[in-house]
Amino acid sequence: MARISQRISAIAPSATLAVDAKAKALRAQGAPVISFGAGEPDFPTPAAILEAARAAVGDPRNHRYSPAGGLPELREAIAAKTQRDSGYEVAPSQVVVTNGGKHAVYNGFAVLLDPGDEVLLPAPYWTTYPEAIALAGGVSVEVPTAAESGFMATVAQLEAARTARTKALVFVSPSNPTGAVYPREQVEAIGRWAAEHDVWVITDEIYEHLTYDDNEFSSVPVVVPEIADRCLVLNGVAKTYAMTGWRVGWLIGPPDAAAAAVSLQSHQTSNVSNVAQQAALAAVSGPLDAVAEMRTAFDRRRRAMHQMLNGIDGVSCLAPQGAFYAFPSFKGVLGRAGRPETTAELAGWILEEAQVAIVAGEAFAGAGHARLSFALGDDDLTEGIGRIAALLGR
């Protein structure tokens, strides 16, 4: 009899967190490591949010259990914020507050999937999706995309991958790891296809406020209202408000799915930390001024990274349209003059030789590419890309 369950043993550790942890460990030893690994804003949480958390610590109401689905005032505020930011009108009872965005992902798949149900997963994709699908008993069906299509799946590709077992589609725009933002007409086409075939859409909107140039975020259930009864919207405060460590996310779904998620969470974790919920309440209820300032900085860094990466011989990179990641191709570098043959090997070599951490594309089903976050300081960004360029130019 195995000591550890097969279900858990099959999970691959988060590649992005592993890279970030290794970079931090090396820094702690005195190494001047620059990390492009974790998707984490380098800005502090805005002051008004901190003040709300400080006040919450002293309020005895926050020292007790609260409803598993979230504080009523936070659920109301998230519903209002969702209508304000995306135009999607939902009842507070359709909102389930979770312990971060990953918890919302896990609960969403757990609520929907039975063993053998298939989930269409456009690739490259964020590393957590297939693991959460597998834990719920589902089967990930990769739908490959390429730089030539802007890393965006088409209705034709989705239809070719659909079978009688297809239960859901994971839809992410802006995308982690590619930075792709689907135009409204493509969002509409995919939403209508899903509605026509009774396919659930699990749409991760965590990067909704981070789009650049003339690219605009479009929410699937807003563009295609008829999909709302088969749609889960995932979101959280982590990326928008620089609150990755506060661990507050949410799931929005039709009443039966939301009620099922609350029931699951009542046994799984009970309520999210009340102090963190009060901080999140201040975030989603407040103005977006700090968000706009962060987006301006990300845009500047995006342009710098894109230009510098494309200036390296053998590296090509699409301009990120959203989120805060670039997903360059290193195919022109691999295997050249005795260089590493895979991006996984290349990432290890770059960390060892240049003391720069990147995440290999294999972690995202994007072999030949790597993900580099530009959510770090301008000086570190310039220095880090410069080190990579110098190493590859040797």
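Residues numbered from 1 in each chain as written. Predicted model: local features only at pLDDT ≥ 70, side-chain atom pairs only at ≥ 80, totals over all residues. Heavy atoms only, no water.

1. A few points about the overall build of the protein
Applicable threshold: Labels follow the DSSP assignment, with helices taken as runs of H or I lasting at least four residues and strands as runs of E lasting at least two, numbered in each case from the N terminus. Computation of the radius of gyration draws on C-alpha atoms alone. For the globule rule, the value is 2.2 Å times the number of residues to the power 0.38. Any two residues having at least one pair of non-hydrogen atoms within 4.5 Å are treated as being in contact. We treat Lys and Arg as the positive residues and Asp and Glu as the negative residues; His and chain ends play no part in the count. To locate a charge, take atom NZ for lysine, CZ for arginine, CG for aspartate or CD for glutamate.
For the protein, the helix and strand inventory stands at 14 helices and 12 strands. Here the C-alpha radius of gyration of the protein, 21 Å, is about what a compact globule of 394 residues would show, namely 21 Å. For the protein, contacts bridging at least 24 residues in sequence account for 73% of all contacts bridging at least 6. If the 31 positive side-chain charges of the protein are averaged to one point and the 42 negative ones to another, these points end up 5 Å apart.

2. Some details on helix H13 (residues 343–354)
To keep it simple, the criterion reads: Burial classes follow relative accessibility: with a 1.4 Å probe on protein chains only, a residue under 20% of its type's maximum area counts as buried, one over 50% as exposed, and anything between as partly exposed. This arc corresponds to the set of directions leading from the helix axis out to the C-beta atoms.
If you check which residues of H13 are buried, you get Thr343, Leu346, Ala347, Ile350, Leu351 and Ala354. When H13 is viewed along its axis, its buried side chains cluster within an angular range of 135° and face the same direction. Where H13 ends, the next residue or the one after it, Gln355, has phi of about 55°, a positive value.

3. Observations regarding unusual backbone geometry
The linkage connecting Ala123 with the following residue, Pro124, adopts the cis geometry, with an omega of 5°. The phi dihedral of Phe151 falls on the positive side, at around 60°, and the residue is not glycine. Following the sequence through the fold, Phe151 ends up in the loop between strand E4 (139–144) and helix H7 (155–161). Unusually for a residue other than glycine, Asp213 sits at a positive phi of about 55°. When you line up the elements, Asp213 lands in the loop between strand E6 (200–204) and helix H9 (220–223). Since its relative accessible area comes to 52%, Asp213 is described here as exposed.

4. Comments concerning the packing of aromatic side chains
Here is the rule we go by: Under the pairing criterion, centres of Phe, Tyr and Trp rings, with the six-membered ring standing for Trp, must be within 6.5 Å; the plane angle then separates stacked pairs below 30 degrees from edge-to-face pairs above 60, leaving the rest tilted.
The tally for this structure, following the rule as stated, stands at 10 aromatic pairs. Measuring from ring centre to ring centre gives 5.2 Å for Trp126 and Tyr129, while their planes differ by 80°; the resulting arrangement is edge-to-face. On the basis of relative accessible area, Tyr129 is assigned to the buried category, the value being 3%. Aromatic pair Tyr212 and Phe374: ring centres 6.3 Å apart, planes at 55°, arrangement tilted. Placement of the pair is Tyr212 in the loop between E6 and H9 and Phe374 in the loop between strand E12 (370–373) and helix H14 (378–392), with a sequence separation of 162 residues. Linked through ring pairs, Phe43, Tyr207, Phe298, Phe324 and Tyr325 together constitute an aromatic cluster.

5. Describing a nonpolar patch on the surface
For clarity, the cut-off: Two distance rules govern patches: like charges are joined within 9 Å, and nonpolar side chains (Val, Leu, Ile, Met, Phe, Trp, Tyr) within 5 Å, applied only to residues with over 30% relative accessible area and no salt bridge. Areas reported here follow the Shrake-Rupley algorithm with a probe of radius 1.4 Å; residue values treat only the protein chains shown as occluding. Any Lys or Arg side-chain nitrogen found within 4 Å of a carboxyl oxygen on Asp or Glu counts as a salt bridge.
A surface patch of nonpolar side chains, amounting to about 240 Å² of accessible area, comprises Ile4, Ile8 and Ile11. Mapped onto the secondary structure, Ile8 falls in helix H1 (residues 6–9).

6. Examining the pattern of salt bridges
Per the stated rule, a full pass over the model turns up 20 salt bridges. Note that Glu226 is salt-bridged to Arg192, the shortest N-O span being 2.4 Å. Of this pair, Glu226 sits in the loop between H9 and strand E7 (231–236) while Arg192 is found in helix H8 (residues 184–196), placing the two residues 34 residues apart along the sequence. Several salt bridges converge on common partners, so that one network encompasses Asp42, Arg300, Arg301 and Asp378.

7. Structural notes on the environment of Val139
Turning to its location among the elements, Val139 is positioned in strand E4. Residue Val139 is classed as partly exposed on the basis of its relative accessible area, which comes to 37%. Put simply, Val139 and Lys167 are 28 residues apart on the chain and 9.8 Å apart in space, counted from C-alpha to C-alpha. The contacts of Val139, once residues within four sequence positions are left out, are Gly116, Asp117, Glu118, Val119 and Ile133.

8. Looking at the sheet that holds strand E11 (residues 359–360)
Under the convention used in this document: Only strands that DSSP links by at least two bridges are regarded as paired with each other.
Strands sit in the order E9-E12-E11 across an open sheet of 3 strands; the sheet is antiparallel. Every other strand in the sheet has two partners, leaving strand E9 (325–326) and E11 as the edge strands with one partner each. Note: E11 against E12, 2 bridges, orientation antiparallel. Residue Val359 lies in a different strand from E12, and its bridge partner there is Arg371.

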